[in-house]
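Per-entry structural report
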Number of protein chains: 2
Amino acid sequence: MTIAIVGGTGPEGSGLALRWARAGETVIIGSRDAKRAAEAAEKLLQEGGRTAGVSDRHVSGAENIAACRSADIVVLTVPFEVHAEMLKHLKPALRPGQILVDATVPLAASVGGRATRTLGVWQGSAAQQAAELVPDGVAVVAAFHNTSAHVLLGDGPVDCDVIVCSDDKDAAKRVRALARKIPGVRALDGGKLENARIVEQITALLIGFNIRHKGHGGVRITGLPSEAYDV
Amino acid sequence: MTIAIVGGTGPEGSGLALRWARAGETVIIGSRDAKRAAEAAEKLLQEGGRTAGVSDRHVSGAENIAACRSADIVVLTVPFEVHAEMLKHLKPALRPGQILVDATVPLAASVGGRATRTLGVWQGSAAQQAAELVPDGVAVVAAFHNTSAHVLLGDGPVDCDVIVCSDDKDAAKRVRALARKIPGVRALDGGKLENARIVEQITALLIGFNIRHKGHGGVRITGLPSEAYDV
C-alpha cells in the first residue's frame, strides 16, 4: 500500500508522513515542486532515521500528480484556500478504487480571518467539497483534522483520537487502521462524511486553546465501550 | 450562591442539580409546573441522600420565574425548540449581575430531524441567541453541552471536560469553578461566546458515537499545560 501526501511539505503532512514512515508504510511526499518534495523526503529520512522502520525504499518525493498516480491512498493536507483548486488539479490523476483522505479545515485564516474561526462551506465541510470534486469511484474519507502537527513531528505518542467520517464504510475502516499506526492514536468511526463539518470545526476550537495556553491541543472521546476504538 | 436550573426536571438539568446538590450548593429546580418541580426536588433529595452534602435546605423546586428571581446563576437546560420562547418568558425575572448559563444544543431533532445533526442558528449558536434575548447586564455563559445526562445522574466521576465560552471573563471564571465541583470534570476557557457554536455541535457528534456504540460519550481536551485546567 502506497500513501501519497499532497501538501506533504507542510507541517501536518510532514508529521503524518514521518509517523507512517516510522510504521514501515510506503510514503510519497507530494508537492507542486518535485525538487521541494524530494528535499522534504530526504529531511524525513534523516529525522525518521532516529527510529526503526524507515528506509529510502519507503519514502520518496514527487510532484503531486505523479505522487497521486502511484498511490492507493491520497492524503490531502493543504490550506483551505487551495483546496478546491488542488482537487481540480489532481482530478486527472485520481482513479476509481483510490481513497482520498481529506484533513483540510476551512479556517477563516484562509481569507485573512482568524484561525480560531471557520468559513461556511456551501457543501457543509471541506471534505464534502472534496467529495464533489473527485472522480466517481474515489472514496472520500475525512480524518486527521485534530492531530497537532507539532506533536506528529515529535517523537512521543500522539495524545489524540482520530475521528474518521465517510460514506464508504470499507474505506473508513482502512483509514482507521492507518490512523492506529500512529502511536497513541485511537481511531473512531465518526459516521457519515457530513459529520466532517463538526470534526473540522473542532480544530478551530483547539487552535484557540493553543493560543490561550501555549499548548498543542488534541481531543479524546470518552465514555464509549472499548470496541468503539478497535473496529 | 443559589443556582436555578430551568428545565431542571429533564435528564441533563436533573443530573447537574444532583451533582451540585451533592457538592453542597443551593439548587432550585425550575419547571413550568411548580408541582413537578417540587417532585423533582424531592426525588433528587432521595437520590442525593446516598451521598453527603445534600439536605432539603439546599434543594427545592419552583416555577421557572420564581426560581430565576431567587437565583444568582440561572442554568438553562431546555430543548432547543423552546429555547427562545423560554428566554422571553424568563426575561422579566432576570436582572443585571445574574449569570445565565446556557447548555442548549440546537439539535435538528428539535424540528423532527436527527439528533446527530444541528440546525443553523441565525446568531451562530443557541448561546448567542440567548445573549440577544436576555436583559442588559445579564452575562451569558455557554457550558455543559457535552456532559452526558446519564453519567451526571450516576454516582461515578464524570469523564468529560466542560468547555466554557463567554464574553464576560469573570462570569466564565465563576462557571468554570462551578463545573469543577462535579467530580471528574475539568473546566476549560473556551474563549468568546461565539465559540459556543463549535462546542454545541460536538454534542451532535457525541450522540452519533452513543448511537453507534451504545455509549455515553464525553470529550477531553489533551495537550494543554496543567494551568489551562486550573484558572
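Expressed as a screw operation, the relation of chain A to chain B combines 0.0 Å of axial shift with a rotation of 180°, fitting to an RMSD of 0.0 Å. The superposition operator between the copies reduces to a two-fold rotation axis. If distances are taken from each C-alpha of chain A to the rotation axis, the shortest is found for A:Arg220, at 2.5 Å.

What follows covers the packing of helix α4 (residues 83-90) of chain A against helix α5 (residues 126-133) of chain A. Residue and element names in this part refer to chain A. Contact geometry of α4 with α5 gives a least axis separation of 10 Å together with a crossing angle of 25°. On the basis of their axis angle, the class for α4 and α5 is roughly parallel. Considering only the axes of α4 and α5, their crossing is right-handed. Contacts from His83, Ala84, Leu87 and Lys88 of α4 reach α5 at Ala126, Gln129, Ala130 and Leu133.

Attention now goes to helix α8 (residues 196-213) of chain A. In a regular helix each residue adds 1.5 Å, so 18 residues correspond to 26 Å; α8(A) covers 26 Å between its end C-alpha atoms and thus fits that length. A positive phi of about 50° marks A:Lys214, the residue just after α8(A).

Moving on: the interface of chain A and chain B. In this complex, chain A contributes 34 residues to the contact, which on the side of chain B involves 34 residues. Contact between chain A and chain B buries roughly 2,800 Å² in total, counting both sides, with carbon and sulfur atoms accounting for 63%. Applying the counting rule to chain A against chain B returns four salt bridges. As a salt-bridge pair, B:Asp189 and A:Arg212 come within 3.8 Å of each other at their nearest N and O atoms. For the side of chain A that touches chain B, the secondary-structure elements that each account for two or more residues are β8 (186-189), α8 and β9 (218-222) of chain A. Here the side of chain A that touches chain B is built from residues that sort into 14 nonpolar, 13 polar and seven charged.

Working definition: an aromatic ring pair is given by the centre-to-centre distance plus the angle between the planes. Residue and element names in this part refer to chain B. In total, this model carries two aromatic pairs over all chains according to the counting rule given. When the centroid spacing of 5.3 Å and the interplanar angle of 80° are considered together, the rings of tryptophan 20 and phenylalanine 144 count as edge-to-face. Residue tryptophan 20 is found in helix α1 (residues 11-22), and its partner phenylalanine 144 is found in the loop between β6 (139-142) and α6 (149-152); the two are separated by 124 residues along the sequence. Judged on exposure class, the residue tryptophan 20 and its partner phenylalanine 144 are both buried.

Counted under the stated rule, the structure contains 18 salt bridges over all chains. Between A:Lys181 and A:Glu25 there is a salt bridge, with its nearest N and O atoms 3.2 Å apart. Of this pair, A:Lys181 sits in the loop between α7 (169-179) and β8 while A:Glu25 is found in the loop between α1 (11-22) and β2 (26-31), placing the two residues 156 residues apart along the sequence. Using a relative accessible area of 37% as the deciding quantity, one classes A:Lys181 as partly exposed. For B:Arg220, the salt bridge is made with B:Asp161, and the minimal N-O distance between the two is 2.6 Å. Of this pair, B:Arg220 sits in strand β9 (residues 218-222) while B:Asp161 sits in strand β7 (residues 161-166), and the two are 59 residues apart along the sequence. Owing to a relative accessible area of 13%, B:Arg220 belongs among the buried residues under this scheme. Among the residues examined, B:Asp161 registers a relative accessible area of 0% and is labelled buried. When salt bridges that share partners are traced, they join A:Asp159, A:Asp161, A:Arg186 and A:Arg220 into one network.

A regular strand carries its side chains on alternate faces of the sheet. Residue and element names in this part refer to chain B. In this structure, β7 lies alongside strand β8 (residues 186-189), joined through four bridges in parallel fashion. Counterpart to valine 164 in the pairing with β8 is aspartate 189. Tracing the backbone out of β7, into helix α7 (residues 169-179) and back to the parallel element β8 gives a crossover that is right-handed.

Turning to its location among the elements, B:Val219 is positioned in strand β9. Residues B:Val219 and B:Thr203, 16 residues apart in the sequence, show an inter-C-alpha distance of 9.3 Å. Residues within four places of B:Val219 in sequence aside, it is in contact with A:Val219, A:Arg220, A:Ile221, A:Thr222, B:Asn146, B:Cys160 and B:Asp161.

Here we take up the sheet that holds strand β6 (residues 139-142) of chain A. Backbone-to-backbone hydrogen bonds join strands into a sheet, with any given pair of strands oriented parallel or antiparallel. Here eight strands make up an open sheet; going across it, the order is β3-β2-β1-β4-β5-β6-β7-β8 (chain A) and the pairing mixed. Both outer strands of the open sheet, β3 (59-63) and β8 of chain A, are each paired with one neighbouring strand and no more. Ignoring strand direction, the axes of neighbouring strands in this sheet form an average angle of 25°. Summarising the sheet, β2(A) and β3(A) pair through five bridges and their orientation is parallel. Considered in β3(A), the bridge of A:Ile28 is made with A:Ser60. Strand contacts of α7(A): β1 (2-6), β4 (73-76), β5 (99-102), β6, β7 (161-166) and β8 of chain A, with the helix running at about 165° to β7(A), the strand carrying the most contacts. Sitting on the sheet, helix α8 (residues 196-213) of chain B is in contact with β7 and β8 of chain A, with an inclination near 85° to β8(A).

The rules behind these values
Residues numbered from 1 in each chain as written. Chains lettered and ligands numbered in written order. Predicted model: local features only at pLDDT ≥ 70, side-chain atom pairs only at ≥ 80, totals over all residues. Heavy atoms only, no water. Least-squares fit on C-alpha atoms with pLDDT ≥ 70 in both. Axes fitted to C-alpha atoms, helices over the stretch in contact; angles between N-to-C directions. Helix = DSSP H or I, 4+ residues; strand = E, 2+ residues; numbered from the N terminus. Parallel < 35°, antiparallel > 145°, perpendicular 65-115°, else oblique. Left-handed = near helix turned anticlockwise from the far one by under 90°. Contact = heavy atoms within 4.5 Å. Expected span 1.5 Å × (residues − 1). Buried area = accessible area lost by both parts, 1.4 Å probe. Salt bridge = Lys/Arg side-chain N within 4 Å of Asp/Glu carboxyl O. Nonpolar A, V, L, I, M, F, W, Y, C, P; charged D, E, K, R; others polar. Phe/Tyr/Trp six-rings, centres within 6.5 Å; stacked < 30°, edge-to-face > 60°. Buried < 20%, exposed > 50% of the residue type's maximum accessible area, 1.4 Å probe, protein only. Pairing = 2+ DSSP bridges. Right-handed = clockwise from strand over helix to strand, strands pointing away.

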